[in-house]
Each structure stands twice: as structure tokens, then as C-alpha cells.
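Breakdown of the fold
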Amino acid sequence: MNNTGDRRDSLPQEAPITEVCVVTSKERCPQGFTILSDTEDGKDGDLWTDKFFGKKVTRYICFNRAYANVGGNVLADVAILGERDIVPTGYSQISATADTGEIALKKRILCIKMLPRNMTDSAICDMKLLAKTKRPPPGFTFVGEVNSISVSYKMGPVQRTPGPARPAPGPPNMTRQQSQPLTQQPVPASPSYAPDVQRQRADIIPLTRQMSTVKIATAVDGIPFELNKNLGADSIKDFSLPEMQYQTEQEIENKYKYDFTAERTAAARIPPNI
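These remarks concern the structure in this document.

A short note on the overall build of the protein
- When its secondary structure is counted, the protein shows 3 helices and 9 strands.
- Going from the N terminus to the C terminus, the protein shows its helices and strands as β-β-β-β-β-β-β-β-β-α-α-α.
- Residues classed as buried in the protein amount to 31% of the 274 residues present.
- Taking the contacts inside the protein whose residues are at least 6 apart along the sequence as the reference set, 71% of them involve residues at least 24 apart.
- Accessible surface computed for the protein: about 19800 Å², of which carbon and sulfur atoms make up 54%.

So, the environment of Met127
- Along the polypeptide, Met127 turns up in strand β7 (residues 122-130).
- The exposure class of Met127 is buried, given its relative accessible area of 3%.
- Linking Met127 and Ile61, residues 66 residues apart in sequence, is a C-alpha distance of 9.5 Å.
- Not counting residues within four places of it along the chain, the set of residues in contact with Met127 comprises Ile17, Leu36, Ile61, Phe63, Phe140, Val151, Ser152 and Tyr153.

A word on the packing of aromatic side chains
- Applying the stated criterion across every chain, the model contains 1 aromatic pair.
- When the ring of Tyr258 is compared with that of Phe260, the centres are 4.8 Å apart and the planes differ by 80 degrees; the resulting orientation is edge-to-face.
- Lying over the aromatic face of Trp48, Arg59 brings its terminal NZ or CZ to 4.6 Å of the ring centre.

Focus on the side chain of Ser150
- Position of Ser150 relative to the elements: it lies in strand β9 (residues 149-157).
- Accessibility expressed as a relative area gives 2% for Ser150, which makes it buried.

Some points on the pattern of salt bridges
- Scanning the model with the defined rule gives 6 salt bridges in all.
- A salt bridge links Asp126 to Arg65; its shortest N-O distance comes to 3.9 Å. On the criterion of sequence distance, the pair formed by Asp126 in strand β7 and Arg65 in the loop between β3 (60-64) and β4 (73-82) is long-range, its members being 61 residues apart. Note on accessibility: Asp126 and Arg65 belong to one class, buried.
- Close ionic contact of Asp126 with Lys128 constitutes a salt bridge, the shortest N to O distance being 4.0 Å. For the pair Asp126 and Lys128, one class covers both residues: buried.
- Bridged by salt links that share partners, the residues Glu40, Arg65, Asp126 and Lys128 form one connected network.

Examining the sheet that holds strand β5 (residues 92-94)
- Strand order in this open sheet of 3 strands is β4-β6-β5, and the pairing throughout is antiparallel. On the outer flanks of this sheet lie β4 and β5, each paired with one strand and no other. Pairs of neighbouring strands in the sheet enclose a mean axial angle of 35 degrees, with direction left out of account.

So, the sheet that holds β9
- Read from one edge to the other, the open sheet built from 3 strands follows the order β7-β9-β8, with strand pairing classed as antiparallel. The sheet terminates laterally at β7 and β8 (140-146), the two strands that pair on one side only. Taken pair by pair, the neighbouring strands of this sheet meet at an average axis angle of 25 degrees, ignoring direction.
- Examined bridge by bridge, β7 and β9 share 8 bridges and lie antiparallel to one another.

Section: the pairing of β9
- Two strands pair when backbone bridges link them, and β8 and β9 are joined in this way by 6 bridges, in the antiparallel orientation. Paired with Gly144 across the bridge in β9 is Val151.
- The turn linking β8 back onto β9 is made up of 2 residues, and Asn147 within it adopts a positive phi angle of 55 degrees.

Regarding the nonpolar core
- Of all hydrophobic cores here, the largest spans 23 residues; its most connected members are Val20, Leu110 and Met127.
- Elements supplying a minimum of two residues to this core: β1 (19-23), β3, β4, β6 (108-116), β7, β8 and β9.
- Discounting chain neighbours no more than four positions away, the residues touching Leu110 are Val22, Ile61, Val78, Ala79, Ile80, Ser92, Gln93, Ile94 and Leu105.
- Formed by 7 residues, the second largest nonpolar core is a distinct cluster that contains Cys21, Phe33, Tyr60 and Cys62.

With respect to the pairing of β4
- With 9 of 10 residues buried, β4 is to be regarded as a mostly interior element.
- Both β4 and β6 contribute to a ladder of 9 bridges, which runs antiparallel. Bridging from a neighbouring strand, Asp77 pairs with Lys113 of β6.

Quick notes on the rules
- Residues numbered from 1 in each chain as written.
- Predicted model: local features only at pLDDT ≥ 70, side-chain atom pairs only at ≥ 80, totals over all residues.
- Heavy atoms only, no water.
- Helix = DSSP H or I, 4+ residues; strand = E, 2+ residues; numbered from the N terminus.
- Buried < 20%, exposed > 50% of the residue type's maximum accessible area, 1.4 Å probe, protein only.
- Contact = heavy atoms within 4.5 Å.
- Areas by Shrake-Rupley, 256 points an atom, 1.4 Å probe, with all protein chains shown as cover.
- Phe/Tyr/Trp six-rings, centres within 6.5 Å; stacked < 30°, edge-to-face > 60°.
- Lys NZ or Arg CZ within 6 Å of the ring centre and 35° of its normal.
- Salt bridge = Lys/Arg side-chain N within 4 Å of Asp/Glu carboxyl O.
- Pairing = 2+ DSSP bridges.
- Axes fitted to C-alpha atoms, helices over the stretch in contact; angles between N-to-C directions.
- Core = buried A, V, L, I, M, F, W, Y, C linked by side-chain atoms within 4.5 Å.

Structure (C-alpha cells):
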């Protein structure tokens, strides 16, 4: 049902998905990608709508598991939105086809969320389409519906990329000269995000160690905490409540009485009696 490239043969079936795209025909699936050409119940997996007039237009979802074993981003979530919906924070929109640059979907927005594999324990490892039944297969989660076809995905564990080794903690009195030097190990090659993550870790670890031994001064150190003297007890010792002017019910009625004569005469279109 689905066409796959040569690179996928060496990868485990449950490997996380690392790339998603949309193409205009089944013959234009990129090399190494899996194309969702048909639904699980035997219908064409075309996601384009409104084919009643004009030339036939088709759209198919493709995904890839390349670099799944050597690091890189993995697919954490998929969302299908309406054409006027706002793309959520952290998601990216697949707005154009990978082969021709045309609009990807009509009346729908396909969004994906990618995360570095070292920052998540699970990711999407498979996607399926259904037409006759809307209930996703066991283990799959329903995403949304496009052209009367429901899209669902399956989550799987992520094998994290091993990071550089750290030295074992020494005894409390061990000096710098006695401590074992840090052993450098090669880091697996990965896309551009990996060096950024390691640089962030390199910045965070020394700062954490410094904060544990050094007292950090703040802008309010040395400023005593006390209330304004104008708000103390002495400021209200001469305070007295103003005398309340009480009125009876009849006095209030006489003061604020209004008989709505003008409104009634206007409503009846009769000149008021003067």
C-alpha cells in the first residue's frame, strides 16, 4: 500500500518519524520516504477536496525515518486545523507541497511539532489513514479529518542519543590535581540543533556549581522592610467617621420621586398637559 525508499530498510519499524511532507502525486514521493497512498480500508489516500470541476488535483502525505539512529529532530505531534485557525506555538505549518511548491491542503492546515530527540521520551513512529471507519486502529490516536479521510498516528519510545561521559564524583577532600580528568568521547553526528543543545548544557552546569558555593547579591539586599510611617497607628488616632445623614423612606421617596409623565405622553403621542 505504501511506497518506501531504500534508507528505511535498515531502520526499525518503530523508529521515530523525523520528516513529514505533502506531494502532488504518488509518483513524486521523495526517496527514502513512505507515502500514505491508500487508506487502511482500501480507499485512495488523496487528501485534496473539491474535484468536481477542472483538472484533477491530488495530495498525499509522506514521512521519513532518516537519521533516527544518529540523532536529530523527531515528530512529537501532528494537528489538522481549519484554514482560519491560528497555528499553535511550537508547531510549524506544512503550507506547500515538497515537489512543486503548490498549496498543500485545501480548507485545512497540516501542522507538525518537532523536538530534539534528547528532549523527549516518546515520538510519533507511524501514521495511518482511514476512510470507511473513523475509529483509529489499536494503539493509534485520531488527529483529524481531511477530504472525508481520518488521520491517526502511533506513539513510540525514543532512544536518546548518548551524551559525553562525566567523571565520577570524588571524595569530599579530593583536590583538583587528584581528581580524574574528564574523558572526551565523540558525539554522534546530527543536524544543526545538537551543538546548540550541548552549548546550553555547558553554560548551565558551571552556573549551577557556582550558585551552590557563592552567595549572589540582589538589588534589595540591605534595604530594611518596614511600613511607611504615614500608615502607622499614630496616623489614624484622630480619625473619625463622617456623620451620616439618615433619611426616612418617605423623605427619600419625596426627594427622588419621578412620575414619568413626559415619557407616557410622548408614547401616547399626546401633547403634555401644562
